[in-house]
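These are the residues of each chain, in order.
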Amino acid sequence: MLWQVYQKEKYSNELQTIPKNFYDEIRKDTESLGSKNPNDEEASIIRNNIIKITNELYEKRKQKIIIYVAYNKQLPSPIPKAEQDFYIKLINVTKENKVDISGSSAENEVITLRAIIEIPEVFLPSGDKIGPVQKGSVLEIENTNDARFLIENTLCEQA
């Protein structure tokens, strides 16, 4: 299964959907391989291959996450915690290193939106989480990019 996930990720331009507990399951599998018989050479080789493929997969996914951040695109859900943490760190770094030549504070303007549909927990372009939100609920969004994202993806409308 790991090899198939890696191949799909390798030959796709978009971040593939994997379970939230993907890396935890891989870790459990590799630990169980090593604990059965520590002197088993075949198990050791398999374990090393799993670790190598997992690291390559994670590096490939990190490259794609960087691209998502650079283009201010929303990550697909669900996403493993390690990748979610990486995404949030990148968002925070880009926020801290923006050049503001406009002199306006449009990003901090509060925008009132109404949910058009029921919204599960999602990450906004700013790195903030929103949801779950019931259909018809009123939201106050402080970031214009986040508000634009919610409107353009027909999740919300201006209230």
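Definitions and limits used
- Residues numbered from 1 in each chain as written.
- Predicted model: local features only at pLDDT ≥ 70, side-chain atom pairs only at ≥ 80, totals over all residues.
- Heavy atoms only, no water.
- Helix = DSSP H or I, 4+ residues; strand = E, 2+ residues; numbered from the N terminus.
- Pairing = 2+ DSSP bridges.
- Axes fitted to C-alpha atoms, helices over the stretch in contact; angles between N-to-C directions.
- Buried < 20%, exposed > 50% of the residue type's maximum accessible area, 1.4 Å probe, protein only.
- Contact = heavy atoms within 4.5 Å.

A. Focus on unusual backbone geometry. Cis peptide bonds are those with omega within 30 degrees of zero, and the linkage from Gly131 to Pro132 qualifies with -5 degrees. Backbone geometry at Thr154 places phi at a positive 45 degrees, although glycine is not the residue there. For Thr154, the location among the structural elements is in the loop between helix 5 (144-152) and strand 5 (156-158).

B. Spatial organisation of the environment of Trp3. Mapping Trp3 onto the fold places it in helix 1 (residues 2-10). Spatially, the C-alpha atom of Trp3 lies 18 Å from that of Lys20, the residues being 17 residues apart in sequence.

C. Broad picture of the sheet that holds strand 5. Read across the sheet, three strands follow the order 4-1-5 without closing on themselves; strand pairing throughout is antiparallel. With one partner strand each, in any of the chains shown, strand 4 (138-141) and strand 5 form the two edges of the open sheet. For this sheet the average axis-to-axis angle between neighbouring strands, irrespective of direction, equals 40 degrees. As judged from the three bridges shared by strand 1 (residues 111-115) and strand 5, these two strands associate in the antiparallel manner.

D. Local environment of the pairing of strand 4. Burial of strand 4 is one-sided: the residues Leu139 and Ile141 facing one way are buried, the residues Val138 and Glu140 facing the other way are not. Pairing analysis gives four bridges linking strand 1 to strand 4, with the strands arranged antiparallel. Directly across from Leu113, in strand 4, lies its bridge partner Leu139.

E. Expanded view of the environment of Ile91. Mapped onto the fold, Ile91 is located in helix 4 (residues 81-96). Separated by 58 residues in the primary sequence, Ile91 and Leu33 place their C-alpha atoms 37 Å from one another. If we skip the residues at most four places from it in the chain, Ile91 touches Val69, Pro125, Ser126 and Gly127.

From the geometry alone we can't say anything about function, so treat these as descriptive.
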